[in-house]
Structure formats: C-alpha cells, structure tokens
Amino acid sequence: MRILTGLQPSGKLHVGNYFGAMEPAVRLQDEGEGFYFIADYHAMTSTQDPAALRENVRELAVDFLACGLDPSRSVFFRQSAVPEVNELAWILSTVCPMSLLEKCHSYKDKVSKGIAASHGLFAYPVLMAADILLYDSNKVPVGKDQKQHLEVTRDIAVKLNEAFGEGTLVLPDPIIREDTAVVVGLDGQKMSKSYNNTLPIFGQEKELKKRIMRIVTDSTAVEDPKPTENSTILALYKLFASEADYDAMVSDHQRGGCGYGDFKKRLAEAYWEFFAPMRARRDEITADPGYVEEVLRAGADRARAEATKVLDRVRKAVGLR
Ligand code: ADP
Ligand code: TRP
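Cut-offs used in this document
- Note that residues are indexed from 1 along each chain, following the sequence as it is written.
- Chain letters and ligand numbers both follow the written order, the letters beginning at A and the numbers at 1.
- Confidence filtering applies because this is a predicted model: local features only for residues at pLDDT of at least 70, side-chain atom pairs given and counted only at 80 or more, and all residues used for totals across whole chains, interfaces and linings.
- Side-chain figures throughout are based on the complete set of non-hydrogen atoms in the structure, without hydrogens or water.
- Put simply, a residue is near a molecule or strand once any heavy atom of it comes within 4 Å of that molecule or strand.
- Polar contact criterion, stated in full: a pair of N or O atoms within 3.5 Å, where within protein one must be able to donate a hydrogen and the other to accept it, and residues adjacent in sequence count only if both atoms are side-chain atoms.
- Values of accessible area rely on a 1.4 Å probe in the Shrake-Rupley scheme; residue burial ignores everything except the protein chains shown.
- Here the nonpolar group is Ala, Val, Leu, Ile, Met, Phe, Trp, Tyr, Cys and Pro; Asp, Glu, Lys and Arg are the charged ones; every other residue, Gly included, is treated as polar.
- Where each domain begins and ends is defined by an automated method or by a domain database.
- Note on conventions: DSSP H or I runs of at least 4 residues are helices, E runs of at least 2 residues are strands, and numbering of each starts at the N terminus.

A. Region of interest: the site of ligand 1. Taken together, the neighbourhood of ligand 1 is formed by 14 residues, with His-14, Val-183, Met-191, Ser-192 and Lys-193 sitting nearest. In this structure, an oxygen atom belonging to ligand 1 sits 3.1 Å away from a side-chain N or O atom of Asn-17. Ser-192 has a polar side-chain atom sitting 2.8 Å from an oxygen atom of ligand 1. Look at ligand 1: alone it shows 540 Å² of surface, and the protein chains cover 80% of it. Across the shell around ligand 1, the residue classes tally to four nonpolar, six polar and four charged.

Set out below in structure tokens:
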C-alpha cells in the first residue's frame, strides 16, 4: 500500500501542524510505503520571494525529519525535483471539466484573503491531482480542508480512465483526519499562522514560553474555582501532559487556590518537555549540513523512478508515445 501526502513550505511549524499533519504522517509509516513531499510548486501560488521559498523548503525538511520521518523507510523529496508532475498535470487538465475547478472553495477562500487570483492558484487542484496520481498512491492522509481536492482527484482519474482505458490511473482513497481535534491557538480560535496565535514547535525557550503567558484567560481570583469548559490552557495541556498530570490540573481548576499564572507555567514545562526529543534530533540534523540535501536527493531518485513508470503508461494510453 502506498501512502502519499504533501506539505506546503510556508513558515514555522506550529503545534496545530504537528498534531494535525506531521504526527499522523509519521505514524502512518508503519502501515505502508510512505511518499512524503514538500510542495514547493504549490507554495509559488502564494509567495514570490525566492530566498524565502528556499529557506522554507529547507526548514520544513529539517522539521519533518526531526519529527520522525524516517528516510530509510519513506521516500522524502521535494515536489519540483520530479518535474514530470507538470506533464501529468497538463494531461489531466485536458480531461478536467472547468466546472469541477469552479466549484472548489479553496480558490475563492484564498482570493478573499488577498492572494492574487492567478491561473496557478485556480488550477492548483489539477497539480495536486497529478502529485497523487503520478505515484499510483492508494491512501492520501489530509486535513478536512483538503477533502474537496481529493474528490477532484478521483473525478479527474475516472474521466481519464473512461477516455483512455481503465487502469491507466489508480484511484486513491483519502484518509481524512476527522478525529484530530482542531488545536486551539493562544487566543482560543483555531491555531493558524494567519491569526498570529500560534505556538511554534521549534525556537528559543524563553520566547516560546513567553508566548504561553499570552494565553487569554478570564479574571477569576486565585482562590476561586475556575471554569474547565473551553479552557485554552487545559486544551493545550491535554496534548502534552500525562493523563495523571492533566487530571490534576483539572481538579486544581475545580478546587480553586491556583492562579492562571501557575497553570501556564505547568503548560510551558509540559510543552517544552514534549518536544525535547524532536529538538535534540533537530540539533543533530542541523549540525550535519549535507545530511538533508542527501536525504532529499536520494528521495528524489526513488520518486522519479516511480513517476517515470506511471507517466510512460499514461503517455502511451493517451497517444503521446
Ligand atoms: P495554517 O492554518 O497555520 O496556515 P496550514 O493550512 O498550512 O496551517 O496547515 C498545514 C497542515 O496542518 C494541514 O494538514 C492542516 O490540516 C494542519 N493544521 C493546521 N492548523 C491546525 C490546527 N489548528 N489543528 C489541527 N490541524 C491543523
Ligand atoms: N494542498 C495541500 C495543502 O495545502 C498540500 C498538497 C499538495 C498535498 N499536493 C498534495 C497533500 C498531494 C496531499 C497530496 O495542505
């Protein structure tokens, strides 16, 4: 079984990304052959800063490896290292009805957020379909926001198979992480870099712990019981603390006598400790400058070998060979 997913290189990884995307991807390495890539072509739909793109790709690669992506088990590569994906995207675009793309909400959402309405942004789901179909992927783990893109991918694959022969493309199944609760940000909304409410997973201790002190709380006095419903501190603490420590914090809320400052301190400690192994791994990786390049190069070779096979099959089916 082949599992494939892509992540956009778009800035510092935060706790929401970790629990929503990285951790599930790392866990799935036990269940099949993982193909994981850094979606740098996709990132071009929202940034036009070459230095930032290069930096973000490198940072994401380091972060992903530090979080447990194992390059001896999984194929890890950057999207643009396999330019064949563009040829498949073109072929797919010739069978993709306009109406299918016009229905996609991510385009409208992004334009309404101020991203330029380019053709690339509009056609993005076709490139994403090519990302998936180029590797005969069986399972594609994604967040809820990508569900529609997986439907588009299947629709395009069905169209191409109808036109040029069953079996030309493999139909992928999404693994939608419905169960991953949305990680809350420091202000109680969904954690997202667009809301400036994130808790990055890597960075300087003092600065990061200080961010936790920014969590918005009510004005209940130290000695009084505190609400446990919709508590940002408790929601975040649950992700990092042991069950016993979490239960202790809940009862400290209910009893009263502990202030929010104390809860935040406990949260900061638990968070710092949780990511300690990843931080150590990250330091090891950055101490060896050639390592990441080598991993991505070897991954690209393996990905490209697979891509060439599939693309040849498609070229023959459509009459390009
Ligand atoms: P952001 O909202 O910060 O821009 P992205 O949209 O780039 O994050 O998300 C990248 C991945 O991380 C997606 O798979 C998304 O589902 C996941 N993700 C992002 N924020 C959260 C969150 N607050 N809770 C759970 N998963 C999240
Ligand atoms: N569109 C995805 C996102 O924004 C990233 C992505 C690109 C992807 N190609 C993919 C995810 C292929 C899964 C499969 O998060």
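B. The arrangement of the domain arrangement of the protein chain in detail. Partitioning the protein chain into domains gives domain 1 (2-182 + 289-318) and domain 2 (203-274). Between domain 1 and domain 2, the C-alpha centre-to-centre distance is 37 Å.

C. Structural context of the site of ligand 2. Taken together, 13 residues form the shell around ligand 2, and within it Gln-8, Tyr-124, Met-128, Asp-131 and Gln-146 come nearest. Between ligand 2 and Gln-8, the relevant distance is 3.2 Å, taken from an oxygen atom to a side-chain nitrogen or oxygen of the residue. Here a nitrogen atom of ligand 2 sits 3.1 Å away from a polar atom, N or O, in the side chain of Gln-146. Against a free-state accessible area of 370 Å², the protein chains account for coverage of 90% of ligand 2. Of all the secondary structure elements, the ones that give two or more residues to the shell around ligand 2 are strand S1 (2-7), helix H7 (119-133) and strand S4 (139-142). For the shell around ligand 2, the element with the most residues is H7, which contributes four residues. In the shell around ligand 2, the residues fall into seven nonpolar, five polar and one charged.

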